[in-house]
Amino acid sequence: MTKENDAQLLCVIWAFDMNNEFIKECCENSFEEIREIRRLLHQYPEMGNSEFRTTEIIMNCLNKWNVLYERLLETGVVAEIEGNIKGKTVAIRADIDALPVGEKTGLDFTSLNEGRMHACGHDIHTAALLGVAKILSENRDKLKGTVRLIFQPDEELLGGAERLIEKGAMENVSAVFGLHVRPELPKNHVQVKYGKSYAAADVFEIDVIGKSAHGAEPHKGIDALLIASHIVTALQTVVSRNLAPTESAVLSVCTFNAGTVCNQIAGKATFGGIMRSLGKDTRMKLKDLLISTAKGIAESMGAECEVRIRESYPGITNENEMTAFLKSCAEDILGEENVSVSETPLMTSEDFGFYLDEAPGSFYHVGCECDYPLHSDRFKPDESAIMTGMLVHIKTAVELLNK
């Protein structure tokens, strides 16, 4: 038998060894340990770029399980588990930061960091990925290829994904996956979304520069307040009259400042807000419309206009083939009745989209069945979501590497 045939036979044997029953047994045997780690993480929530204790907990676990890792940023780590046969690399990401929320859940393991809480479920995400690390590290002989585990800081603030990618976190990655818990979904349930899934977010600020004058002689000035008001009014129709009804976007003006005294025509007005859009084309179109509308009105009324746009997260557009593959793996390991497809994208933002700019993949939701929403001070996810995440992560990675 040739070496190539030997390798193919080994892959078949390994695929059998890592079947559903084996994966479930491994997850069940590790669940109590991983749940305790989650509770420890929950007790010590930390804000973005300050997740030092969280990072220490992650590194201690990886050291215990003999998993190699790099600390590419001050907080957060990137680990790798390489199988006995060379192959592609599949990446899985978990965010590790918390929110500036004072916890009111009454849990026995409630937050010990005052004014800080894992109110978005990132402790569940991190625990699930640590479960993947433990199980795959114990079964390297059954693994073909490499699984890269990305423990990412600062998802809630400035976004750690882009900085990790700049440091090489996505080099040679063939596919990437991630999850987020959803309280409105039942436990043991997974929901996927094809295509556009999360919105891009862009913050804008506009200065209208006119000419101040006495309030009794408005004809001698250029009223920046009035001109800015015209722009704000016009921006309310940018989405409804320039984008197709099938293109989802939101443009909201949220601040407005002009004038300093009641008897002077304002020489400058500043206002700002946020744009959210689904898909790269809609995002670019919305930014162009904002700029052309503001500058056009200002110039037509004799004023100058400066538009500043701070690009935030790029949104999430899942790759359809990878989403179909993920769905099939989830159905196989959980049962078809526990997997659904969402038809509705979310207008919230997530920096996982940066990873999808580097490799095809999919971001999916795991049910955690809770009466309180994400970011609530009473958010109390069902811990079965850890098990669900472990099962789907491992099943998808192993199947894709064996494909």
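Definitions and cut-offs
- Residues numbered from 1 in each chain as written.
- Predicted model: local features only at pLDDT ≥ 70, side-chain atom pairs only at ≥ 80, totals over all residues.
- Heavy atoms only, no water.
- Helix = DSSP H or I, 4+ residues; strand = E, 2+ residues; numbered from the N terminus.
- Expected span 1.5 Å × (residues − 1).
- Buried < 20%, exposed > 50% of the residue type's maximum accessible area, 1.4 Å probe, protein only.
- Pairing = 2+ DSSP bridges.
- Axes fitted to C-alpha atoms, helices over the stretch in contact; angles between N-to-C directions.
- Contact = heavy atoms within 4.5 Å.
- Polar contact = N/O pair within 3.5 Å; in protein donor to acceptor, adjacent residues only side chain to side chain.

Draft legend 1. The arrangement of helix H4 (residues 122–137) in detail. Between its first and last C-alpha, H4 extends 22 Å over 16 residues, near the 22 Å set by a 1.5 Å rise per residue. Burial of H4 is extensive: 16 of the 16 residues sit out of reach of the surface.

Draft legend 2. Structural context of the sheet that holds strand S2 (residues 77–82). One open sheet accounts for eight strands, arranged S1-S2-S4-S3-S5-S16-S6-S15; its pairing is mixed. Whereas interior strands pair on both sides, the edge strands pair on one side only; in this sheet they are strand S1 (68–70) and strand S15 (339–341). Strand-to-strand twist across the sheet, computed as the mean angle between neighbouring axes with direction ignored, equals 25 degrees. Most of the contacts of H4 go to strand S3 (residues 85–95), to which it runs at about 160 degrees, and overall it touches S2, S3, strand S4 (144–152) and strand S5 (175–182). Helix H11 (residues 384–402) rests against S3, S4, S5, strand S6 (190–192) and strand S16 (361–367) of the sheet, and its axis sits at about 155 degrees to S3.

Draft legend 3. Representation of the pairing of S5. Most of S5 is tucked away: eight of the eight residues are buried. Residue alternation in S5 divides its side chains into two sets, Ala175, Phe177, Leu179 and Val181 and Val176, Gly178, His180 and Arg182, and both sets are buried. Taken together, the four bridges between S3 and S5 define a ladder with parallel strand orientation. Within the sheet, the bridge partner assigned to alanine 91 lies in S5 and is valine 176. Both S5 and S16 contribute to a ladder of seven bridges, which runs parallel. Its bridge partner being in S16, arginine 182 is matched across the sheet by glycine 367.

Draft legend 4. Looking closely at the sheet that holds strand S12 (residues 268–277). The strand order across the open sheet built from four strands is S10-S12-S8-S13, with neighbouring strands paired in antiparallel fashion. The sheet is open, and its two borders are formed by strand S10 (249–258) and strand S13 (304–311), each paired with just one other strand. Across the sheet, the mean angle from the axis of one strand to that of its neighbour is 20 degrees, orientation sign disregarded. Note: S10 against S12, nine bridges, orientation antiparallel. Within S12, the position partnered with valine 253 by the bridge is glycine 273. Where helix H8 (residues 280–300) meets the sheet, its contacts fall on strand S8 (200–209), S10, S12 and S13, and the angle it forms with S13 comes to roughly 160 degrees.

Draft legend 5. Representation of helix H9 (residues 320–334) in the model. For H9, which comprises 15 residues, the first-to-last C-alpha distance of 21 Å matches the rise-based estimate of 21 Å (1.5 Å per residue) to within 8%. Structurally, the start of H9 carries an N-cap: the backbone nitrogen of glutamate 321 is 3.1 Å from a side-chain oxygen of glutamate 319. Where H9 ends, the next residue or the one after it, glycine 335, has phi of about 100 degrees, a positive value.

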